[in-house]
Amino acid sequence: QAITQNFLNQMGNLDMKEMTFFWEKEAWMGYLRKQRFHLIICLSEGEIIGLAIGRLSSFYDYFDLDKIIIYKKYLSIGLGSRIYNTLEEVVLEEVSSMKLKSIKFLLEVSSANKRAFRFYKKYGYALNYEAKNYYSDGNNALKMEKFIYL
């Protein structure tokens, strides 16, 4: 489905408000021009209140989960779980249709974002690597991965 200018603006606003390191509008537009991206949007009264976005590699062997963003006032009600589960289901359906037997999900999260780290651990992600002083604020990047066998 096509992304309207209104939705693009809402995604950028959500990202800017809730993320320490957010994408500029041009980065969003560039990302959405890529092939094999998956975007799950959660709406309330026509407004975006949460989203998850990532993309499949060109060989369909891994999926980069780039962002899960939810407005703070909607945290702790299961919205992140619903968005993540939907995204994973859509990706697995596509990978399965390609007759592949497994896929690796990848992500990185700031070491300062303990809540997100716990969320990803709950969904089966394991810490693969810690990149020291990765972010401009001096925090480390926790590189996480999850293997799913179909």
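Numbering of residues starts from 1 in each chain and follows the order in which that chain's sequence is written. Only residues with pLDDT of at least 70 are given local features in this predicted model, and only at 80 or more are side-chain atom pairs given and counted; all residues enter the totals for whole chains, interfaces and linings. As a rule here, side-chain values cover all heavy atoms of the structure and leave hydrogens and water aside.

## Let's talk about the packing of helix α1 (residues 5–18) against helix α2 (residues 25–32)
Note the following rule: Angles run from 0 to 180 degrees between N-to-C directions of axes, and those axes are lines fitted to C-alpha atoms, restricted for helices to the stretch in contact. Helical segments are the DSSP runs of H or I of at least four residues, strand segments are the runs of E of at least two, and each set is numbered from the N terminus. Put simply, angles under 35 degrees are roughly parallel, angles over 145 are roughly antiparallel, angles from 65 to 115 are roughly perpendicular, and the rest are oblique. By convention the crossing between two helices is left-handed if the near helix lies anticlockwise of the far one by an angle smaller than a right angle, and right-handed if it lies clockwise. The contact rule is simple, with two residues in contact once any of their heavy atoms fall within 4.5 Å. Each residue receives one of three labels: charged for Asp, Glu, Lys and Arg, nonpolar for Ala, Val, Leu, Ile, Met, Phe, Trp, Tyr, Cys and Pro, and polar for the others, Gly being one of them.
Closest axis-to-axis distance for the α1/α2 pair is 10 Å, and the angle between their directions is 120°. Here α1 is positioned oblique relative to α2, judged by the angle of their axes. Remark: the crossing between α1 and α2 carries right-handed chirality. Between α1, through Q5, L8, N9, M11, G12 and D15, and α2, the contact on the second element is made entirely by K25, W28, M29 and L32. Its residues placed into classes, the contact of α1 with α2 shows five nonpolar, three polar and two charged.

## A closer look at α1
Put simply, the test is: The span expected for a helix works out to 1.5 Å for each residue beyond the first. Burial here depends on accessible area, computed with a 1.4 Å probe over protein chains only, as a share of the maximum for the residue type. Under 20% is buried, over 50% is exposed, and the range in between is partly exposed.
Spanning 14 residues, α1 covers 20 Å between terminal C-alpha atoms, matching the ideal 20 Å at 1.5 Å per step. Within α1 the residues assigned to the buried category are F7, L8, Q10, M11, G12, L14, D15 and E18. Packing partners of the buried residues in α1 comprise α2, β1 (37–44), β2 (47–56) and β3 (62–70).

## Some thoughts on the environment of K25
With respect to the secondary-structure elements, K25 resides in helix α2. For K25 and G12, which are 13 residues apart along the polypeptide, the C-alpha to C-alpha distance reads 6.2 Å. Here K25 is in contact with Q5, L8 and N9, once residues within four sequence places are set aside.

## Topic: the sheet that holds strand β6 (residues 141–149)
Rule in force here: DSSP-based pairing: two strands are paired if at least 2 bridges between them are found.
Taken in spatial order, the six strands of this open sheet run β1-β2-β3-β4-β6-β5, and their pairing is mixed. Of all strands in the sheet, those bounded by a partner on one side alone are β1 and β5 (126–131). When the angles between neighbouring strand axes are averaged without regard to direction, this sheet yields 25°. Inspection of the sheet shows β3 paired to strand β4 (residues 102–110) by three bridges, in the parallel sense. Counterpart to Y62 in the pairing with β4 is K104. Most of the contacts of α1 go to β2, to which it runs at about 90°, and overall it touches β1, β2 and β3.

## Observations regarding unusual backbone geometry
A negative phi angle is the norm for most residues apart from glycine, just as the trans form is the norm for most peptide bonds. Even without being glycine, S76 reaches a positive phi, approximately 70°. Along the polypeptide, S76 turns up in the loop between β3 and α3 (79–97). Among the residues examined, S76 registers a relative accessible area of 65% and is labelled exposed. Even without being glycine, K99 reaches a positive phi, approximately 65°. The residue K99 is located in the loop between α3 and β4 in this model.

## Some thoughts on the pattern of salt bridges
We apply this condition: A carboxyl oxygen of Asp or Glu within 4 Å of a side-chain nitrogen of Lys or Arg is what we treat as a salt bridge.
Under the counting rule described, the total for this entry stands at five salt bridges. The shortest N-O distance in the salt bridge between K143 and E108 comes to 2.9 Å. With a gap of 35 residues between them, K143 in strand β6 and E108 in strand β4 connect regions that are remote in the sequence. Looking at E108, the relative accessible area reads 31%, which means it is partly exposed.

## Some remarks on α2
Formally: Note that the arc is computed from the directions linking the helix axis to the C-beta atoms.
Turning to α2, its buried residues are W28, Y31 and L32. For α2, the angular spread of buried residues about the axis comes to 95°, placing them on one side. Where α2 is buried, its residues contact α1, β1, β2 and β3.

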